[in-house]
Amino acid sequence: MCNEITSDYLALQLGLYQPFIINEENADQFEACIKTPKKFQFDSYCIECKKESTFKFHSQRGYLPVYPPEHGPVNFLDRIKVDYPIDLLLKCQRDGDHLFYLPLLIRGNKVTKIGQYPSLADLQLHKIDKYRKILNDDYRDFSKAIRLNSQEIGAGSFVYLRRIFENLIEEARQTAASQESQWDNSIFDRSKMDEKIKLLKNYLPEFLVQNRQLYAILSKGIHELTEKECLDLFPNVQLAIELILDEKIHQKEKQKKISSVQKFVSATIERLKS
Ligand SMILES: [Zn+2]
């Protein structure tokens, strides 16, 4: 299925150096985007404002050729026989100094994004900032996964997500080993991941236990899936990892509140006794 060519698609979804083909179906959509660039706008995170904003067209360098009327109506596909670089500059509506730069190269019937500022990764990374504390050293791996994925490196990005997954399991194993007197590491080491997760079910977020096949997807990604398949699966695998982390944050906050209330109750009881 072809993507609908919109300003949102060109700015926020299309990867660098991944040309898409202009055909009879989408020629009008693409022409509408660049022929009336004043309408070119999209909502995105602004790395300067550090919040969501709207970016609107400001200026353009490079235009599609306009044929004199005596040529008669010239079909868009016929006009793009030679190379046309088109640079679009957009501005954040909250502050005109905050820029979004988008250069495209039209070559034959192919359109390629040949640069972008801010990068797709920079637009994504703020979303995972809240996991920095809970992930500690793994935060770097999580941001690497997102960077690689935004550079269209599919299996490579899966390697980092799998490592995060394995570290979550290892962390739970250490907790189980320190809390359960009957805990047997040798049984754990001999088990497959599916079994390991079941053994650790009291120490892992419920979502992870229920969706433990996620590990099979991550492992398969590295060995069997194509780059394209990995790239297509990435957003949902990322979401699943985020859900696991959300639950961890929630549990941690809950524990903090519980111990704070416990402290309050026992301190107040002591005070009332005296
Ligand atoms: Zn801004």
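Everything discussed here concerns the structure shown above.
Source: prediction; values computed, not measured.

Rules of the game
Residues numbered from 1 in each chain as written. Predicted model: local features only at pLDDT ≥ 70, side-chain atom pairs only at ≥ 80, totals over all residues. Heavy atoms only, no water. Helix = DSSP H or I, 4+ residues; strand = E, 2+ residues; numbered from the N terminus. Rg over C-alpha atoms; globule rule 2.2 N^0.38 Å. Buried < 20%, exposed > 50% of the residue type's maximum accessible area, 1.4 Å probe, protein only. Contact = heavy atoms within 4.5 Å. Areas by Shrake-Rupley, 256 points an atom, 1.4 Å probe, with all protein chains shown as cover. Lys, Arg positive; Asp, Glu negative; His and termini not counted. Charge placed at Lys NZ, Arg CZ, Asp CG, Glu CD. Patch = residues over 30% accessible without salt bridge, like charges linked within 9 Å, V, L, I, M, F, W, Y side chains within 5 Å. Salt bridge = Lys/Arg side-chain N within 4 Å of Asp/Glu carboxyl O. Axes fitted to C-alpha atoms, helices over the stretch in contact; angles between N-to-C directions. Left-handed = near helix turned anticlockwise from the far one by under 90°. Nonpolar A, V, L, I, M, F, W, Y, C, P; charged D, E, K, R; others polar. Parallel < 35°, antiparallel > 145°, perpendicular 65-115°, else oblique.

## Remarks on the overall build of the protein chain
- When helices and strands are counted, the protein chain shows 12 helices and 6 strands.
- For a compact globule of 274 residues, the expected C-alpha radius of gyration is about 19 Å, and the protein chain comes in at 26 Å, more than 25% above that figure.
- For the protein chain, the spread of C-alpha atoms along the principal axes amounts to about 95 × 50 × 25 Å.
- Per-residue burial over the protein chain gives 40% buried out of 274 residues.
- Within the protein chain, contacts between residues separated by at least 24 positions form 61% of all contacts whose residues are at least 6 apart in sequence.
- Accessible surface computed for the protein chain: about 16700 Å², of which carbon and sulfur atoms make up 51%.
- Charge separation in the protein chain, taken as the distance between the mean sites of 40 positive and 39 negative side-chain charges, equals 5 Å.

## With respect to a nonpolar patch on the surface
- Nonpolar side chains collect at one region of the surface, where Val 261, Phe 264, Val 265 and Ile 269 lie side by side and expose about 370 Å² of accessible area between them.
- Judged by relative accessible area, which is 47%, Val 261 ranks as partly exposed.

## With respect to the environment of Ile 197
- Tracing the backbone through its elements, the reader meets Ile 197 in helix α9 (residues 193-199).
- Here Ile 197 falls in the buried class, since its relative accessible area comes to 0%.
- Leaving out residues up to four positions away in the same chain, Ile 197 has contacts with Phe 165, Ile 169, Leu 204, Leu 208, Val 209 and Arg 212.

## Considerations on the pattern of salt bridges
- What the rule picks out here adds up to 13 salt bridges.
- A salt bridge links Asp 87 to Arg 61, with the nearest nitrogen and oxygen atoms 2.7 Å apart. Here the residue Asp 87 occupies a position in strand β4 (residues 84-92), and Arg 61 occupies one in strand β3 (residues 51-61), the gap between them amounting to 26 residues.
- Under the relative-accessibility criterion, Asp 87 is labelled buried at 12%.
- By relative accessible area, Arg 61 is classed as exposed at 57%.
- A salt bridge links Lys 130 to Asp 246, with the shortest nitrogen-to-oxygen separation between them at 4.0 Å.

## Some words on the packing of helix α11 (residues 214-223) against helix α12 (residues 227-273)
- Look at α11 against α12: their axes get within 11 Å of each other, and the N-to-C directions meet at 145°. The crossing of α11 and α12 is left-handed. Contact residues: α11 offers Leu 214, Ile 217, Leu 218 and Gly 221, while α12 offers Cys 230, Leu 233, Val 237, Ala 240 and Ile 244.
- Classifying every residue of the contact of α11 with α12 gives 8 nonpolar, 1 polar and no charged.

## With respect to the packing of helix α6 (residues 138-150) against helix α7 (residues 154-179)
- The N-to-C vectors of α6 and α7 enclose an angle of 155°; their axes lie 8 Å apart at closest approach. One element, α6, and the other, α7, form an angle in the roughly antiparallel class. As for the relative orientation of α6 and α7, their crossing is left-handed in sense. For the pair α6 and α7, contact is made by Asp 138, Asp 141, Phe 142, Lys 144, Ala 145, Leu 148 and Asn 149 and by Gly 156, Ser 157, Tyr 160, Leu 161, Arg 163, Ile 164 and Asn 167, respectively.
- Partitioning the contact of α6 with α7 into residue classes produces 6 nonpolar, 4 polar and 4 charged.

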